[in-house]
Amino acid sequence: MTIPTVNLNFFSDPVPFYCPACGRKIYADEALQQPCQHVVFTGESLTGNWSWHTVPLNKRFKENMQRRYTESAAAQTYPSFTNYLANLHIDTAVAIACEIMISSSAFLLSITTSDRGCGGMCHGTLYLIIDFDPA
Ligand SMILES: [Zn+2]
């Protein structure tokens, strides 16, 4: 399936985005709105913040990260697992989130607005994993 890229004019406000499963507005006014049950993961490049919106997937992610921490040289670089997670780059968090999201009913969506330049939008990339059939 081809996912289209929509290019907006420079300094255009990002268009609202609606959940493709239930139609709830999940991105509007340049901010993530209250996510519906289909939005299971969100991340934002500018702040580097990411979070799971389901307890089982958050647990699976943390277990996967704990294994990576103990099996790699990260334990020598970071003083604790908590510190390792706190310094995890958003791109890595999203890549691992996609790896553990083993479901044919889910997909990753990214919405990118300018995060460079003077003035205008400063939201970088917003990442959403949307699951049409959340547990
Ligand atoms: Zn929804």
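Quick caveat, the model's predicted, so the values are computed rather than measured.

Engineer: Is there a simple way to think about the overall build of the protein in this case?
Structural biologist: A tally of regular secondary structure across the protein gives four helices and seven strands. The 135 residues of the protein split such that 19% are buried. Taking all contacts inside the protein whose residues are at least 6 apart in sequence as the whole, residues at least 24 apart take part in 48%.

Engineer: Mind showing me how you'd approach the pairing of strand β7 (residues 125-131) here?
Structural biologist: The side chains of a regular strand alternate between both faces of the sheet. Within β7, six of the seven residues are buried, leaving the element largely enclosed by the surrounding structure. Taken together, the seven bridges between strand β6 (residues 106-112) and β7 define a ladder with antiparallel strand orientation. What sits directly across from I111, in β7, is L126.

Engineer: Even after reading the chapter, I still don't get the sheet that holds strand β1 (residues 17-18), so can you show me in this structure?
Structural biologist: Hydrogen bonds between backbone groups are what pair the strands of a sheet, and the pairing can be parallel or antiparallel. Strand order across the open sheet formed by three strands is β1-β2-β3, with antiparallel pairing between neighbours. Lying at the two open borders of the sheet, with one neighbouring strand each, are β1 and β3 (31-32). Both β1 and strand β2 (residues 25-28) contribute to a ladder of two bridges, which runs antiparallel. Across the sheet, residue Y18 finds its bridge partner in β2, namely K25.

What counts as what
- Per chain, the residues get numbers from 1 upward, laid out in the order the sequence is written.
- Only residues with pLDDT of at least 70 get local features here, since the model is predicted, and only at 80 or more are side-chain atom pairs given and counted; chain-wide, interface and lining totals rely on the full set of residues.
- Secondary structure elements follow DSSP: runs of H or I of four or more residues count as helices, runs of E of two or more count as strands, with numbering from the N terminus.
- Buried means a residue has 20 or more other C-beta atoms within 10 Å of its own C-beta, exposed means 12 or fewer, and partly exposed covers the counts in between; C-beta atoms are placed from the backbone.
- Note on contacts: each residue gets a C-beta atom placed from the backbone, and two residues are in contact if those atoms are within 7 Å.
- By the convention used here, strands pair only if DSSP detects at least 2 bridges between them.

Remember that the coordinates give geometry; whether it matters functionally is a separate question.
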